[in-house]
Amino acid sequence: MRIALYQPDIPQNTGTILRLCACLAVEAHIIEPAGFPVSDRHFRRAGMDYLDQVSISRHVSWTAFRAWQQADGGRLLLLTTKGATSYLAHRYEDTDILLLGRESAGVPDEVAASADERLVIPIAEGMRSLNVAVTAAMALGEALRQTRHAVTNGDNAP
């Protein structure tokens, strides 16, 4: 299971997501350009000392990330408010990549169209969206529940 952040623009959220990845032993990918320098103090503070414990791959562009992803073979699952399938109804695989868009703008149509699946976290009527770090935690939690459950308990029941 991997998390990919498309051009993140809020350092505190990125630091929080990278801390989540470190704590759950999940690889992180940052698709640049990011809206802040990686040395940003807010980014460092949110990630605390966990940033040294997470496997981070940086991709200089969407094109570079796609080349890596296609060679890797993992499915690209976009978390979006425009998703067609609930994140709870999806069947995750160990090699999936959970893609999260920019906090300010999501992802462009080209990026959304390249996803293997577009997943949504259902929220209350009239609400716009969840914080991207909250979305990452919820989706990653469900994905790991499904994929690590089989390894931990010796069966395939999600």
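- As annotated in an unreviewed UniProt entry, the protein carries the name tRNA (cytidine(34)-2'-O)-methyltransferase and comes from Afipia felis.
- Annotation of the protein in UniProt includes, under Sequence similarities (unreviewed entry), the sentence "Belongs to the class IV-like SAM-binding methyltransferase superfamily. RNA methyltransferase TrmH family. TrmL subfamily."
- Among the UniProt annotations of the protein, the heading Subcellular location (unreviewed entry) holds the following wording: "Cytoplasm".

**Examining the nonpolar core**
And step 1. Ile3, Ile17, Leu79, Tyr92, Leu98 and Leu140 are the most contacted members of the largest nonpolar core, which totals 28 residues.
And step 2. Broken down by secondary-structure element, the contributors of at least two residues to this core are β1 (2–6), α1 (11–23), β2 (27–31), β4 (76–79), β6 (97–100) and α5 (132–153).
And step 3. Top element by residues in this core is α5. It accounts for seven residues.
And step 4. Aside from chain neighbours lying at most four places away, what touches Tyr92 is Met1, Arg75, Leu77, Tyr87, Leu98, Leu119, Glu142, Ala143, Gln146 and Thr147.

**Topic: the sheet that holds β4**
Either a parallel or an antiparallel arrangement is found when strands of a sheet pair, and the pairing is made through backbone hydrogen bonds.
And step 1. The strand order β3-β2-β1-β6-β4-β7-β5 describes an open sheet built from seven strands, whose pairing is parallel. Two strands close off the open sheet at either side, each with one partner strand: β3 (56–59) and β5 (85–86).
And step 2. Summarising the sheet, β5 and strand β7 (residues 117–120) pair through two bridges and their orientation is parallel. Considered in β7, the bridge of Ser86 is made with Val120.

**Quick notes on the environment of Leu98**
And step 1. Among the structural elements, Leu98 can be located in strand β6.
And step 2. Considering only alpha carbons, one finds Leu98 and Arg2, 96 residues apart in sequence, at a separation of 6.1 Å.
And step 3. In contact with Leu98, other than residues within four places in its own chain, are Met1, Arg2, Ile3, Ala4, Leu77, Leu79, Tyr92, Ala139, Leu140 and Ala143.

**Some thoughts on the packing of aromatic side chains**
The geometry of two aromatic rings is summed up by the distance between their centres and the angle between their planes.
And step 1. With the rule as written, the count across this model stands at three aromatic pairs.
And step 2. A ring pair is formed by Tyr6 and Trp62, whose centres lie 5.9 Å apart and whose planes are at 75°; its orientation type is edge-to-face. Of the two residues, Tyr6 is situated in strand β1 and Trp62 in helix α3 (residues 62–72); the sequence distance between them amounts to 56 residues.
And step 3. The buried category is assigned to Tyr6, whose relative accessible area is 7%.
And step 4. One aromatic cluster in this structure is built from Tyr6, Trp62, Phe65 and Trp68.

**Concerning the layout of surface pockets**
And step 1. If you add up the space inside the largest pocket, you get close to 690 Å³.
And step 2. Along its surface, the largest pocket is lined by 31 residues, and Leu79, Thr80, Thr81, Gly106 and Ser129 are the ones closest to its centre.
And step 3. Secondary-structure elements contributing two or more residues to the lining of the largest pocket are β4, α4 (109–114), β7 and α5.
And step 4. Per element, the largest residue contribution to the lining of the largest pocket is three residues, and it comes from β7.
And step 5. Its residues assigned to classes, the lining of the largest pocket shows 16 nonpolar, nine polar and six charged.

The rules we used
- Residues numbered from 1 in each chain as written.
- Predicted model: local features only at pLDDT ≥ 70, side-chain atom pairs only at ≥ 80, totals over all residues.
- Heavy atoms only, no water.
- UniProt positions renumbered as here; feature names shortened; annotations may be inferred.
- Core = buried A, V, L, I, M, F, W, Y, C linked by side-chain atoms within 4.5 Å.
- Buried < 20%, exposed > 50% of the residue type's maximum accessible area, 1.4 Å probe, protein only.
- Helix = DSSP H or I, 4+ residues; strand = E, 2+ residues; numbered from the N terminus.
- Contact = heavy atoms within 4.5 Å.
- Pairing = 2+ DSSP bridges.
- Phe/Tyr/Trp six-rings, centres within 6.5 Å; stacked < 30°, edge-to-face > 60°.
- 1 Å grid on protein atoms, 1.4 Å probe; cavity = no way out; pocket = protein on both sides within 12 Å on 5 of 7 lines; lining within 4 Å.
- Points joined across faces, edges and corners; volume = space filled by probe spheres on them.
- Nonpolar A, V, L, I, M, F, W, Y, C, P; charged D, E, K, R; others polar.

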